[in-house]
Amino acid sequence: MDNQELKELKEQCLCELREYLPTVKAALDEADTRLYLYASDAIREDMDTANVYELLGIRKVLRLMLTYEVDVDYVHLILRAIEGVWSDGKHIRGGLSYDTPRGYKPVRLMPYQVWCVFGIYAFFTEVSMEREYYDGMELLPSEFVRDGIVWDRRRLCREAHLFQTRKSGKTAFGGSIDFIEANVIGEANAQVLICANSSKQAKIAFEAVRQYAYQIDPKATSKSGGKFLRVTSDEITWKPGMPRTGSILVMSAGGKTKDGLYASMVHADEHGSASYVKGHSDMENLVQVCVGSMGPRRESLLLHTTTAGLVNEGPYQVQLRVVEELLTHEMQIPLGTSQKTDDDRWFALLLRLDPWEITDDLESLNKDNLFRKVNRSIGVTVQPTWYRERIAEAIKKGGEVAQEVKTKDFNIWQTDRVSEWIKPDHIRGMQTDMSIDDCTEEDGWVVFCGLDFSMGDDLNAISFLAVREKEDGGKEFFADMEAWISEDTYTNTPLQYLYKEWVERGWLHVSPGAVLEPELPVNRIAELYQNGVTFLGFGYDPWKAKSPINALSAWMVTITDDLDAPKQYIIPVRQTFASYNPVVEELDYMLKTDPPLLTFSNNPMWAWEFGNTAIAMSNDGMENKKPVKRNASETCKVDNVQCLCTALMLYDRAEGQKN
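Model, not experiment: these values are computed from the prediction.

Q: Give me the overall build of the chain: which residues, what numbers.
A: Of the regular secondary structure elements, the chain holds 23 helices and 26 strands. A principal-axis box enclosing the C-alpha atoms of the chain has dimensions of 90 × 60 × 55 Å. Put simply, of all contacts in the chain between residues at least 6 apart along the chain, 73% involve residues at least 24 apart. Across the chain, the centroid of the 73 positively charged side chains sits 10 Å from that of the 100 negatively charged ones.

Given below as structure tokens:
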């Protein structure tokens, strides 16, 4: 959805929630009066305090209340375990103590935290079991027989997303869930795995849980353990002989995964800071290994607690977009209707700005309602003045401080060092009716090619850079492209509405089946060669598929009758900061000088892909640049732009050899 559509959807959602919420006040109050306080504050009319996805999350919970069994007593049990018993604002007994300016003390949960407890723990469903498995076996207390079928009553929620800023109490709250899952409500052999992106973050996440353990058993850190527990630097276990045998373990990405994992809960802390490097993420790999160990656990839980990250493309960033998209589907179900969906097993509280409020202008973020949007702990864990001071500091210092404030204090995704580059309208102004077919040797042109073949669900691209001498001794440059997509991808892509026109007009080609047919791009190159186009080099990423490159090599041998020709003309080019940097700066100059030194074919995919492209800067102190995706969405394609840079690398190499 674009921003205008989201604005309209939010207005509709607000209107319906304001009308419907009072009708369920009694049901919410039965569980806890703070539930209605939270929801009513989110839809207040005097101040815009909730983003569209938070409102849709509220709407989803209200639908679940009509669709599934609501266990109010279980919610009360969870709240007593976390915060104890309170009356008239005073703590009576029980619960955990939390780190406050006045020391460790019992603290009542804030309304939005109670909403999280309700969303995760209130709803139950029935799961049918294989009767033969139970023959001769005693049923568990949660299991029963109805109509000859064994049913098991289980908690509905299996995954929870708490997307919050720092200074919101998320570490302490997430740690309290970890602790009660292992030691209060979970199975006797419950195993909670806390996953973090670094050893430093792992220690921060684990420290809160360690403090809860000390409250129960102050001597738990001794070599022999305390009365009930044994606590080490990365593990909490019950002592032998205790009724429970559960444990809490902490692990960091990139480390050696422990053997014997059998998780009942996985807590992915600061998942948003994880990035993909060459298609791999240590943090995501760790999370998936831990989730895979859950096996037959009856009521497993995957909990994400994170802020936005300084990453260009990260696994959680992709997940979050999916969650946001699925939340918009709630508007397709009339409010007040009981209806089950395939997405009912996850809960989400996404505290962020509305998409149309995201900006690089820090001064425009200095608004009380925006502070509340991103942090529902305002006035408790942090004051509005803290946000104003942070904004003032960021405006004054800029750079990394500004990035940190936008990312961690306002949940705005930022790449570590990414900037805008060439806008689509700029490219459109440089397009002509010429094509690569016109760039023949007879007219003085030579051509360099950049190749990118994914063989999977991405675009398969060729960018042609044609060069010829001008009468004044300078050079004239022209760029054209070809792109293919597999038939399976074309059928299922969310971009089909866009691709359909391009396919019909010949800008984009469809390769039958699930993967690219290697001969298709080679056939196009051979066709151009037969029509008088002279190729001086083909550059490709050696990490990508080899089949088209092998086919290209075979074709080159046939036209040259030289087995060594492919080594001379088909050149591997690694897509690193160091290799990209000089051509990014060169291409930037070619496009922005007046008049531009480079023109483009009229293929509309040029402007689209440049619009998807940003420039990232390396963090190694070398200030190297390379083109990257603006975001990690599957709809963000930059393949031909990167191929154009590869072609320019080959041209520069050829010019260097002349000199």
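Q: Can you lay out the side chain of Q191 for me, pointing to particular residues and giving the numbers?
A: The residue Q191 is located in strand β10 (residues 191–196) in this model. From its side chain, Q191 meets the backbone nitrogen of A263 in a polar contact 3.4 Å long.

Q: I'd like a rundown of the sheet that holds strand β6 (residues 123–129), residues and numbers included.
A: An order of β1-β6-β8-β7 is seen for the four strands of this open sheet, with the pairing classed as antiparallel. Only two strands of the sheet have a single partner each, and these edge strands are β1 (69–70) and β7 (143–146). Two elements, β7 and strand β8 (residues 149–155), share four bridges in a ladder whose sense is antiparallel. Residue pairing for β8: V145 is matched across the bridge by V150.

Q: So what's going on with the packing of helix α4 (residues 52–67) against helix α11 (residues 315–328)? Residues and values would help.
A: In the contact formed by α4 and α11, the axes pass within 9 Å of each other and the chain directions differ by 60°. On the basis of the axis angle, α4 is oblique to α11. For the element pair α4 and α11, the recorded crossing hand is left-handed. Contacts from Y53, L56, G57 and K60 of α4 reach α11 at E324, L327 and T328.

Q: Describe in detail the pattern of salt bridges, supporting the description with residues and values.
A: This model, assessed by the stated rule, comprises 40 salt bridges. The closest approach of N and O atoms between E501 and R505, which form a salt bridge, is 3.5 Å. Accessibility expressed as a relative area gives 41% for E501, which makes it partly exposed. Through salt bridges with shared partners, one network takes in D41, R44, D46, E54, R372 and R376.

Q: An account of the sheet that holds strand β13 (residues 247–252) is needed here, citing residue identities and associated values.
A: Spatially, the eight strands line up as an open sheet ordered β11-β12-β13-β10-β14-β15-β9-β16, and their pairing is mixed. Where the open sheet ends on each side, the last strands, each with one partner, are β11 (229–231) and β16 (346–350). Neighbour to neighbour, the strand axes of the sheet diverge by 15° on average, direction disregarded. Here β10 pairs with strand β14 (residues 265–269) via five bridges, running parallel. In the sheet register, L193 faces β14, and the bridge partner there is V266. Across the sheet, α11 lies against β9 (159–163), β15 (301–306) and β16, angled at about 100° from β16, the strand it touches most.

Q: Now, about the packing of aromatic side chains: what can you tell me, with residues and values included?
A: Applying the stated criterion to the full structure yields 24 aromatic pairs. A centroid spacing of 6.0 Å and a plane angle of 40° characterise the contact between Y499 and W502, whose relative ring orientation is tilted. Placement of the pair is Y499 and W502 together in helix α17 (residues 496–504), with a separation of three residues, close to one helical turn. Judged on exposure class, the residue Y499 and its partner W502 are both buried. Pairwise contacts between aromatic rings join Y38, W115, F118 and F123 into one cluster. Cation over ring: K25 sits above Y36, and NZ or CZ is 5.2 Å from the ring centre. One cation-aromatic arrangement involves R297 over Y262; the distance from NZ or CZ to the ring centre is 3.8 Å.

Q: So what's going on with the nonpolar core? Residues and values would help.
A: Residues W115, F118 and F347 are the most contacted members of the largest nonpolar core, which totals 93 residues. Sorting elements by how many residues they give to this core places α4 first, with nine residues. Among all residues touching W115, those that are not within four sequence positions of it are L28, L35, Y38, A39, I58, V61, L62 and F347. Listed in part, the 44 residues of the second largest apolar core include I422, V467, A647 and Y651.

Rules behind the numbers
- Residues numbered from 1 in each chain as written.
- Predicted model: local features only at pLDDT ≥ 70, side-chain atom pairs only at ≥ 80, totals over all residues.
- Heavy atoms only, no water.
- Helix = DSSP H or I, 4+ residues; strand = E, 2+ residues; numbered from the N terminus.
- Contact = heavy atoms within 4.5 Å.
- Lys, Arg positive; Asp, Glu negative; His and termini not counted.
- Charge placed at Lys NZ, Arg CZ, Asp CG, Glu CD.
- Polar contact = N/O pair within 3.5 Å; in protein donor to acceptor, adjacent residues only side chain to side chain.
- Pairing = 2+ DSSP bridges.
- Axes fitted to C-alpha atoms, helices over the stretch in contact; angles between N-to-C directions.
- Parallel < 35°, antiparallel > 145°, perpendicular 65-115°, else oblique.
- Left-handed = near helix turned anticlockwise from the far one by under 90°.
- Salt bridge = Lys/Arg side-chain N within 4 Å of Asp/Glu carboxyl O.
- Buried < 20%, exposed > 50% of the residue type's maximum accessible area, 1.4 Å probe, protein only.
- Phe/Tyr/Trp six-rings, centres within 6.5 Å; stacked < 30°, edge-to-face > 60°.
- Lys NZ or Arg CZ within 6 Å of the ring centre and 35° of its normal.
- Core = buried A, V, L, I, M, F, W, Y, C linked by side-chain atoms within 4.5 Å.

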